[in-house]
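Breakdown of the fold
Letter by letter, the chains look like this.
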Amino acid sequence: MDEELALLERARSGDREAFDALVGPLIEPGYRLAFGMLHDRESAEDAVQEAAFRAWVRLENVRPGWSMRPWFLGIVANQCRNTRRGRWWSVVKLSAPWRTVASPEDQIVRGADLRRALRRLSSDRLEALVLHYYVGLSLDEVAAVAGVPTGTVKSRIYRALEQLRPQVEQISEVFG
Amino acid sequence: MNDDLLIRRIAASLDVAPLDPSLRHRVMSSLPLARHRAGRINWAQAIAVGLAIAVIVGMVAIGYFRSGLRGSQPASHPPVPLSECRLPVYGFGIYQAGQQSDYEVGFLDLSTQIFTPAASSTTGPVDHLRISSSLDGVHIAYDRVAGMWLPVKSEWIANDGLSYVYMSGTDIHLKDVRTGFDRTLVRSGVVRLLVWSNGKVYYSTGGGYSVGLAEVDPRTGKSHDFSVPQLSEWWIASQDAIWGSAYYSGHLTRYDTSTGTFSTWTLDRLVDIIGVDSSGRPVVVQRAEGTDHSTTSGQVMIMRGSGDGEAIGGKDDILSADTTVIADGDRIWFSGTGQRIWLYSPTTGLLLLDQSANASLPNGLVIAGGCV
């Protein structure tokens, strides 16, 4: 913690190496979170890049006792929520004819259908699901990222799974 | 289907686009040299700029700007209709690895959307301002009285526009705009310079969660430490009042610089103060509900009194800390990220003036003053 604090002070004074040491290791989980929410590599990379930029200019927001990981992932999640909200063009992408791919390899098609089902989740539920099961954060960490109580996270995840279950079962019936 | 299988399938469906190993390097190398805003251009912003221009043009057409914005600006700064507004702004050149960038100052004509760099004769002190690694960041304000660009926050400039104060280390310096004469006003111990108000310069002292308030008379150099009613982090000041708050307290402490009295506003929510309007009322961002309150809800409010706030809109990129808030008569300007400017007035509500597609502007657009 002391080391992180020292790095934070250096980063606040404009030391980019210190910022890299703090945030660099969070790029990978940040990308996983962004891809999990946006399902598009380019958009996910953009979200992480924008989040890193925002983190860089807003280091004063990190207060004593805070951990960088939930703080940074919170910025990534917020960026993804904004992207999802403003993504009118995603309608075009969603209507892409997944089923008419010339040689649909089962796993990819199944994944595509699942991702399509995931897109229908609210940002709050999707974020909780992705952070917990895909990025690998504990429920408490997810709560810190989302800024809600742990109980709320549990509820969001439960509801997300219940919302997805019928669709996943349907996909399983088709593809086995 | 049991939960384990369901979760494995969900995770597998996402595990199809592994991280590009170069992403970390690309992200880090794209950051500006200074910890300052820089532009981001995307489709949504490019479209939004068109909408913003349409809003401005439409409002000009219905004659709104001439009739609706008579406000509380001081007599020395009569309100400028938005249709005639030249907004003082600044930004910096394109980041190049290992190189310093100079700041560029000038005026954005809101009608034509054209940025005109300031004449060099008006940018004397700013000429010396390079991107610095100062903890307190870079400040540039347009001094309307003197017609000069000064390397300080607007609230550090005297009402007559002829002098300003600034921080050097933990000292406060006083500088004459015309002669450049510079003297040390307070030696050491200053944490943050707040405001030049009613003939006194206010600043904070101490550190951590226990930040005090002090004043110095620029004529005599005599300073005075206040006994504040509660531990606070003082960080926002208007011409008439200084606002402080203890972390997560739900209270705002107000020091009235005219009467020299403290009062407390109790709130039913946790907020961050990001600025003040022309009447000196705090502009706040509400924190999200949750255990650690580490995120903001994006809901911006103007506090009208104890427990009384008026919501003016919810925008995620109007956040605390680095948002520049400029009161300009009835209007409030917010410098957002990504070349975006937000404008609030009681009649229009919150409007986005997206400049991300405006190639004439410098990067990292920040507002340096009200309309001229």
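Some words on the state of the cysteines
Residue and element names in this part refer to chain B. Under the definition given, this model contains one disulfide over all chains. The disulfide that involves Cys85 links it to Cys371, with 2.1 Å between the sulfurs. Here the disulfide of Cys85 and Cys371 is left-handed, its torsion about the S-S bond being about -85°. Of this pair, Cys85 sits in the loop between helix 4 (64–68) and strand 1 (86–92) while Cys371 sits in the segment after strand 25 (363–367); the two residues are 286 residues apart in sequence, bridging distant segments of the chain. With a relative accessible area of 0%, Cys85 lands in the buried category.

Describing the nonpolar core
Grouped together as the largest cluster of nonpolar side chains are 67 residues, with contacts concentrated most on Phe19, Leu33, Met68, Phe72 and Leu129 of chain A. Per element, the largest residue contribution to this core is nine residues, and it comes from helix 4 (residues 41–57) of chain A. Shared between two domains, this core holds at least three residues of each, these being domain 1 (2–86) and domain 2 (104–175) of chain A. Apart from residues no more than four positions distant in its own chain, Phe72 of chain A is found in contact with Val23, Leu26, Ile27, Val48, Ala51, Ala52 and Ala55 of chain A. Core analysis: the second largest hydrophobic core is formed by 22 residues, Met148, Trp156, Tyr164 and Ala214 of chain B among them.

What to know about the pattern of salt bridges
According to the stated counting rule, one finds 16 salt bridges over all chains in the structure shown. Put simply, Arg54 of chain A and Glu50 of chain A hold a salt bridge, and the shortest N to O gap is 3.3 Å. Residue Arg54 of chain A and its partner Glu50 of chain A are both found in helix 4; the two are separated by four residues, about one turn of the helix. Side by side, Arg54 of chain A and Glu50 of chain A carry an identical accessibility label, which is buried. The salt bridge partner of Asp256 of chain B is Arg254 of chain B, with a shortest N-O separation of 3.1 Å. Comparing Asp256 of chain B with Arg254 of chain B shows no difference in burial state: the two are buried.

Topic: the packing of helix 8 (residues 123–135) of chain A against helix 1 (residues 3–14) of chain B
Between helix 8 of chain A and helix 1 of chain B, whose axes approach to 10 Å, the crossing angle comes to 90°. The pairing of helix 8 of chain A with helix 1 of chain B is recorded here as roughly perpendicular in orientation. Mapping the contact onto sequence places Leu129, Val130, Tyr133 and Tyr134 of chain A in helix 8 of chain A and Ile7, Ile10, Ala11 and Leu14 of chain B in helix 1 of chain B.

Topic: the sheet that holds strand 8 (residues 182–186) of chain B
Residues and elements named next belong to chain B. Strand order across the open sheet formed by three strands is 6-7-8, with antiparallel pairing between neighbours. If you trace the sheet from one side to the other, it starts and ends with strand 6 (163–168) and strand 8, each paired once. Averaged over all pairs of adjacent strands, the angle between strand axes in this sheet comes to 35°, irrespective of strand direction. Where strand 7 (residues 171–176) meets strand 8, four bridges bridge the pair, whose relative direction is antiparallel. The partner of His173 across the bridge, within strand 8, is Thr184.

Here is what the cut-offs are and how they apply
- Residues numbered from 1 in each chain as written.
- Chains lettered and ligands numbered in written order.
- Predicted model: local features only at pLDDT ≥ 70, side-chain atom pairs only at ≥ 80, totals over all residues.
- Heavy atoms only, no water.
- Disulfide = S-S within 2.5 Å.
- Helix = DSSP H or I, 4+ residues; strand = E, 2+ residues; numbered from the N terminus.
- Buried < 20%, exposed > 50% of the residue type's maximum accessible area, 1.4 Å probe, protein only.
- Core = buried A, V, L, I, M, F, W, Y, C linked by side-chain atoms within 4.5 Å.
- Domains from an automatic or database assignment.
- Contact = heavy atoms within 4.5 Å.
- Salt bridge = Lys/Arg side-chain N within 4 Å of Asp/Glu carboxyl O.
- Axes fitted to C-alpha atoms, helices over the stretch in contact; angles between N-to-C directions.
- Parallel < 35°, antiparallel > 145°, perpendicular 65-115°, else oblique.
- Pairing = 2+ DSSP bridges.

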